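Here's the letter readout for the chains.
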Amino acid sequence: MSTTTIPTSSSVAASFSGDADHSSFGFAVKHMSVSTFRGAFEDVTAAVEVDEHGAIGVAGSARVESISVRSPVDLRVHLLSRDFFDAAQSPEITFRSRPAVPAADGAIELQGELTIRNVTRAVVARGTWTGPVEDPFGATRAALELSTTIDRRDYGMTWNLPLPKGGDALGNEVAITVHLELVAS
């Protein structure tokens, strides 16, 4: 595999699409104040544009119905309900960033808008841009890994249960991680 450089002002712009088989969107939240509950969305799409100056912009979405958790069916049904993601009224989670140029080591900070439950809030996602590289089959690939933390209450997810000796069963801060393997279009 040969490595190419991130486009510069003299380079041609590039467009990438997410490789669904090699991309993921996960979330983690404190549970019972002692452990971390994790879940993911299986149906994730993404488009990444690299402009002639090397700035990267991202637009992506996850289908809420594709939520995957390692728990009984009842929990999945509860997460899809109005208490949490309200899948019937809000079938997608979306993110759209403003373009940003990655640092020489690939570190990137993207400012954008995250929409959950039809509520849109500004967020900053930090991570790394890697590539592009040519794969063994002649396609050009790159990767973008991002993470951010949100307060779920900002998106209307206020459900909770009090613990017998104080505190809540579910934390409010939710860590979001997105790993995108991308293919040049």
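Residues numbered from 1 in each chain as written. Predicted model: local features only at pLDDT ≥ 70, side-chain atom pairs only at ≥ 80, totals over all residues. Heavy atoms only, no water.

Right, let's talk about the pairing of strand β1 (residues 14-18) for a bit. Pairing of β1 with strand β4 (residues 44-50) involves 4 bridges; the strand directions are antiparallel. Looking at β4, one finds that F16 is bridged to V48. Taken together, the 3 bridges between β1 and strand β11 (residues 170-184) define a ladder with antiparallel strand orientation. Directly across from F16, in β11, lies its bridge partner A184. (Pairing = 2+ DSSP bridges. Helix = DSSP H or I, 4+ residues; strand = E, 2+ residues; numbered from the N terminus.)

The subject of this paragraph is unusual backbone geometry. In most cases, non-glycine residues show a negative phi, while peptide bonds are predominantly trans. Look at the link from G131 to P132: it is a cis peptide, with omega at 0°. Relative to the helices and strands, P132 is located in strand β9 (residues 119-134). Here the phi dihedral of M32 falls at roughly 55°; this positive angle occurs in a residue that is not glycine. When you line up the elements, M32 lands in the loop between β2 (24-31) and β3 (35-41).

Here we take up the pattern of salt bridges. If you walk through the whole model with that rule in mind, you get 7 salt bridges. One network of salt bridges, in which partners are shared, links D19, D135, R141 and E181. (Salt bridge = Lys/Arg side-chain N within 4 Å of Asp/Glu carboxyl O.)

With respect to the helices, strands and loops of the structure, E181 is situated in strand β11. By relative accessible area, E181 is classed as partly exposed at 24%. Remark: the alpha-carbon pair of E181 and S24, spanning 157 residues in sequence, is separated by 8.8 Å. Residues contacting E181, with those up to four places away along its chain left out, are S17, G18, D19, H22, S23, R141 and A142. There is a polar contact of 2.8 Å between the side chain of E181 and the side chain of R141. (Buried < 20%, exposed > 50% of the residue type's maximum accessible area, 1.4 Å probe, protein only. Contact = heavy atoms within 4.5 Å. Polar contact = N/O pair within 3.5 Å; in protein donor to acceptor, adjacent residues only side chain to side chain.)

Moving on: the nonpolar core. Grouped together as the largest cluster of nonpolar side chains are 43 residues, with contacts concentrated most on F41, V48, F85, L114, W129 and L144. Broken down by element, this core gets its largest block of residues, 6 residues, from β11. Other than its neighbours up to four places away in sequence, F85 contacts F41, V64, I67, L79, L80, S90, I93, I116, R117 and M157. (Core = buried A, V, L, I, M, F, W, Y, C linked by side-chain atoms within 4.5 Å.)

This part covers the packing of aromatic side chains. Enumeration according to the criterion identifies 7 aromatic pairs in this entry. Note on F16 and W129: the rings are 5.8 Å apart at their centroids and 75° apart in plane angle, and the pair reads as edge-to-face. Pair noted here: F16 is in strand β1 and W129 is in strand β9, with a separation of 113 residues, a long-range link. With a relative accessible area of 4%, F16 lands in the buried category. Since its relative accessible area comes to 5%, W129 is described here as buried. (Phe/Tyr/Trp six-rings, centres within 6.5 Å; stacked < 30°, edge-to-face > 60°.)

Interpretation note: all reported values are geometric properties and have no functional meaning in isolation.
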